[in-house]
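# Coordinates in review
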Amino acid sequence: MTSPRRLDWIASPGTPLQGEIDVPGDKSISHRAVMLAALADGTSHVDGFLEGADTRATAAIFAQLGVRIEAPSPSRRIVHGVGVDGLRAPAGVLDCGNAGTGMRLLSGLLAGQAFDSVLAGDASLSRRPMGRVIEPLSRMGAQIEAHDGGLPPLRIHGGRRLRGIEFDSPVASAQVKSAVLLAGLYAAGETSVREPRPTRDYTERMLSAFGVDIDFSPGFARLRGGQRLRSTAIEVPADFSSAAFLIVAATLVPGSELRLRAVGLNPRRTGLLAALRAMGADISEERHASHGGEPVADLVVRHAPLRGIAVPEPLVADMIDEFPILAVAAACAEGSTVVSGAAELRVKESDRIEAMASGLRALGIGVRTRPDGVLIEGGRLAGGAVDSLGDHRIAMAFAVAGQLARGEVAITDVANVATSFPGFDALARQAGLGLRSA
Ligand code: S3P
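Being a predicted model, the structure only gives us computed values, none of them experimental.

Counting secondary structure elements, the protein contains 12 helices and 25 strands. Here the C-alpha atoms of the protein give a radius of gyration of 21 Å, agreeing with the 22 Å that 2.2 N^0.38 yields for 438 residues. Overall, the protein is about 60 × 40 × 40 Å in size when its C-alpha atoms are taken along their principal axes. Here the protein holds 438 residues, and 59% of them are scored as buried. If you take every contact in the protein between residues at least 6 apart in sequence, the share linking residues at least 24 apart comes to 75%. Carbon and sulfur atoms make up 49% of the accessible area of the protein, which amounts to about 15,400 Å² in all.

What the rule picks out here adds up to 35 salt bridges. For the salt bridge of D41 with R228, the shortest nitrogen-to-oxygen distance reads 2.9 Å. Residue D41 is located in strand 3 (residues 41-47), and its partner R228 is located in the loop between strand 15 (220-224) and strand 16 (233-235); the two are separated by 187 residues in the primary sequence. Residue classification places D41 among the partly exposed residues on the basis of a relative accessible area of 34%. Residue classification places R228 among the partly exposed positions, given a relative accessible area of 40%.

The local shell around the ligand consists of S28, R32, T101, A172, S173, A174, Q175, R200, I320, D321 and K348. Take S28: an N or O atom from its side chain is 2.7 Å from an oxygen atom of the ligand. The contact in question runs from an oxygen atom of the ligand to an N or O atom on the backbone of Q175, over 3.0 Å. Computed on the free molecule, the ligand has an accessible area of 380 Å², of which 96% lies beneath the protein chains in the complex. Sorting the residues of the shell around the ligand by element identifies helix 1 (27-39) and helix 5 (174-184) as the ones contributing at least two each. In terms of residue class, the shell around the ligand is built from 3 nonpolar, 4 polar and 4 charged. Taken together, domain 1 (9-25 + 237-437) and domain 2 (27-235) each give at least three residues to the shell around the ligand, which thus spans both.

Sequence positions flagged by UniProt for "binding site: 3-phosphoshikimate" (unreviewed entry) are, in local numbering, K27, S28, R32, S173, Q175, D321 and K348. Along the chain, Q175 falls in helix 5. Other than its neighbours up to four places away in sequence, Q175 contacts G100, T101, R104, L105 and V133. Polar side-chain contacts of Q175 include one of 2.8 Å to the side chain of T101. When near neighbours in sequence (up to four residues on either side) are disregarded, D321 contacts R200, S241, K348, R352 and R393.

Before going further, it helps to spend a moment on the UniProt feature "active site" (unreviewed entry) in the protein. UniProt records the feature "active site" (unreviewed entry) for D321 in the present numbering. The topology assignment puts D321 in the loop between strand 19 (294-302) and helix 9 (323-331). Of the polar contacts made by the side chain of D321, one reaches the side chain of R200; its length is 3.2 Å.

So, about the packing of helix 8 (residues 271-279) against helix 9. Orientation of helix 8 relative to helix 9, taken along the N-to-C sense of each, is 5 degrees, at an axis distance of 11 Å. In terms of orientation, helix 8 and helix 9 fall into the roughly parallel class. Residues L272, A275, L276 and M279 of helix 8 form the contact with helix 9, whose own contacting residues are I325, L326, A329 and A330. Each residue belonging to the contact of helix 8 with helix 9 can be placed in one class, and the counts come to 8 nonpolar, no polar and no charged.

In this section: the environment of R393. Inspection of the secondary structure puts R393 in helix 11 (residues 392-401). Sequence separation of R393 and E322 is 71 residues, and the distance between their C-alpha atoms is 8.1 Å.

So, on to the side chain of D95. When you line up the elements, D95 lands in strand 6 (residues 94-95). Although D95 lies buried, it forms no salt bridge, and the closest oppositely charged side chain, R56, sits 12 Å away as judged by the N-O distance. In terms of polar contacts, D95 uses its side chain to reach the backbone amide nitrogen of G97, at 2.8 Å.

Attention shifts here to helix 10 (residues 352-362). Every buried residue of helix 10 is listed here: R352, I353, A355, M356, A357, G359 and L360. Considering only its buried residues, helix 10 is in contact with helix 9, strand 21 (366-370), strand 22 (373-377), strand 23 (384-387) and helix 11. The residue sitting at the N-terminus of helix 10 and contributing the capping side-chain oxygen is D351; that oxygen lies 3.1 Å from the backbone nitrogen of I353. Backbone geometry just downstream of helix 10 places G364 in the positive-phi region, at approximately 90 degrees.

Rules and cut-offs
Once a new chain begins, its residue numbering starts again from 1 and follows that chain's sequence as written. Given that the model is predicted, a residue must reach a pLDDT of at least 70 before its local features are reported, and side-chain atom pairs must reach 80 or more before they are shown or counted; all residues, however, enter totals for whole chains, interfaces and linings. Remark: hydrogens and water are excluded; side-chain values derive from all non-hydrogen atoms of the structure. Where helices and strands are cited, they refer to DSSP runs of H or I of at least four residues and of E of at least two residues respectively, numbered from the N terminus. The globule rule is 2.2 Å times the number of residues to the power 0.38, and the radius of gyration it is compared with is taken over C-alpha atoms. Exposure classes here rest on a 1.4 Å probe applied to the protein chains alone. A residue is buried below 20% of its type maximum, exposed above 50%, and partly exposed in between. Note on definitions: a residue-residue contact is assigned when non-hydrogen atoms from the two residues lie within 4.5 Å. To measure how exposed things are, a 1.4 Å probe is used in the Shrake-Rupley method; for residues, cover is taken only from the protein chains shown. By convention in these notes, a salt bridge is any Lys or Arg side-chain nitrogen within 4 Å of a carboxyl oxygen on Asp or Glu. Near residues are defined by distance, with any heavy atom within 4 Å of the molecule or strand qualifying the residue. Polar contacts, as used here, are pairs of N or O atoms within 3.5 Å; protein pairs need one atom able to donate a hydrogen and one able to accept it. Residues neighboring in sequence count only if both atoms are side-chain atoms. Classes in brief: Ala, Val, Leu, Ile, Met, Phe, Trp, Tyr, Cys and Pro nonpolar; Asp, Glu, Lys and Arg charged; the others, Gly included, polar. What marks off one domain from the next here is an automatic or database domain assignment. UniProt positions are given in the numbering used here, feature names are shortened, and annotations may be inferred rather than shown by experiment. Note on method: axes are straight lines fitted to C-alpha atoms, helices fitted across the in-contact stretch only, with angles between N-to-C directions ranging 0 to 180 degrees. Our angle categories are set so that under 35 degrees counts as roughly parallel, over 145 as roughly antiparallel, 65 to 115 as roughly perpendicular, and the remainder as oblique. Charged-residue counts in this description rest on Lys and Arg as positive and Asp and Glu as negative, His and the chain ends being excluded.

Dropping the structure here:
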């Protein structure tokens, strides 16, 4: 995939956030919906699909693997599954773009195929650690070669006989857990994964929705190899991680009252709600419902002043993608906020601890970093220039910071926002944010 063209933003105070907003579909669920539907027997319908660059990359990879996928509208996919044994050898390299989820889950899925494949990604993905999936998959009998001891591209040798393992994962990572479980579908005997802290369980829930017999509870999952998947219909809820930017913006901008409709509230994703409420935020949940087995609700967010907190460590895994926007909330809170136990942030699309620390410092905020976290002194944001380092969530976090700054905030290299939240700038402007292309 070619890199998106370079794009910069200028963020500055807009108007109070008002109205009702629908954010796009969940990225984690959209990836998995395409993958499992492709492996199923029969045709699956996916509604609410995230039409983002990451998830489109995954869909394009399955097309290369011989799966027919129709897109009757941007948020719908009809996937004509080929069965667990029906994928075809691809003609070329499989390009995961910016997506760690795509690459890690596919490494497990492809390790069990009869053919060889190569997974590659963009510059950011090419710096992200893959040893964490290669190690357990190798123990299952997979043969995977990586660059420089554990970086993409990954050359996955097919035709291996995999065997189930009992894997005690050293990292709290849904991607690692999912890679092992997907390989487990192709392995002899049982495969189980135990995690140091529970992570999002979408792979487990969705395998079960596709008829796979899987045993799971927070922090644990086990399945037997050799099972087939039955096609189904998937309804993808709105992505909490995308909603998070608007939740914090509405909290911070005086006079705001914003409704975010039908947002996914899987408890493994909503740590930010607990942290913001502990900081004094006014966020209520209305119209609770279930979308394809996932809890959803409207979130109604009203402006409220925030105070700093020490974020409880057990919340960290449940808000791992929300650190950039939490850091903006912390910068605007009274007092200091401390995050610890979050070393994983250093191996996301960017080193998110350094990216947020240097950006906030450029806007006049006091930040002290540690290997596994940060201390942020709340204060008044000044204008300035920040580099998103091509990381979608860093770019969107600073777009929100710009709403509170005394001068304009210039944010460079924001094109990757399209990986998870295509149309963020237009939707954010509609809600009230001051944001324009530079
Ligand atoms: C994801 C899991 C998380 C998260 C990422 C999406 C997933 O990564 O940060 O954005 O879809 O499984 P880790 O599992 O590596 O923590």
